[in-house]
Amino acid sequence: MSEHEENKEEQMLEDITGMTCIYVPVNDVYESIKWYQKNLGYQPSNNELVEPGMVTAVLNFPDRNGNLPLPGLRQVAPALFLHKSDEEGGRLRFSWSLDSGNPHAIACFITPRIEELYNRFRANGVNILEERVTCGPNITFADPDGNVWEVWQP
């Protein structure tokens, strides 16, 4: 690779400064908001009224003071955009041979308290798909619509 190509590659890498959102297909936006609040601590971030029949919602993690993040160029945790999906809309997951063809998470959350989160999941009836230890404990789980996520404690 020439020096010009290397410099161009470095410039291109800085073109992306973060991730702002993950679009999540769900059957019922209102019920999904309640599920993500109860199990993961997400909060609605838009000023719309949370009510049955919604077709979209934006969720974020509040900071330690309960404030929701403002959009910016260096997003740390992406928002979840819940969208009512068509029946054939699909779900967030994939499979691969390393997991014996089982559904694999599309994204991984980080927690300092995985044991407490695991206990909350069990108490709330969350569909836990797998528990394992890689470079720290991991839990793979699905939301009520079958979207597959993972949570990891470093």
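For the structure, check the block above.
### Brief notes about the packing of aromatic side chains
Applying the stated criterion across every chain yields a total of 10 aromatic pairs. On the numbers, 5.3 Å between centres and 40° between planes, the contact of F109 with W149 is tilted. Of this pair, F109 sits in strand β7 (residues 108-110) while W149 sits in strand β10 (residues 148-152), and the two are 40 residues apart along the sequence. Note on accessibility: F109 and W149 belong to one class, buried. An aromatic cluster is defined as three or more aromatic residues linked by ring pairs; in this entry it consists of W35, Y36, Y42, F61, F109, F121, F141 and W149.

### Examining the pairing of strand β3 (residues 56-60)
Each regular strand displays side chains that alternate between the two surfaces of the sheet. Within β3, 4 of the 5 residues are buried, which leaves it mostly tucked inside the rest of the structure. Where strand β2 (residues 43-44) meets β3, 2 bridges bridge the pair, whose relative direction is antiparallel. Following the sheet pairing, P44 is matched in β3 by L59. In the sheet, β3 pairs with strand β4 (residues 79-84) via 4 bridges, with the strands oriented antiparallel. Of the residues in β4, the one forming a bridge with T56 is H83.

Here is what the cut-offs are and how they apply
- Residues numbered from 1 in each chain as written.
- Predicted model: local features only at pLDDT ≥ 70, side-chain atom pairs only at ≥ 80, totals over all residues.
- Heavy atoms only, no water.
- Phe/Tyr/Trp six-rings, centres within 6.5 Å; stacked < 30°, edge-to-face > 60°.
- Helix = DSSP H or I, 4+ residues; strand = E, 2+ residues; numbered from the N terminus.
- Buried < 20%, exposed > 50% of the residue type's maximum accessible area, 1.4 Å probe, protein only.
- Pairing = 2+ DSSP bridges.

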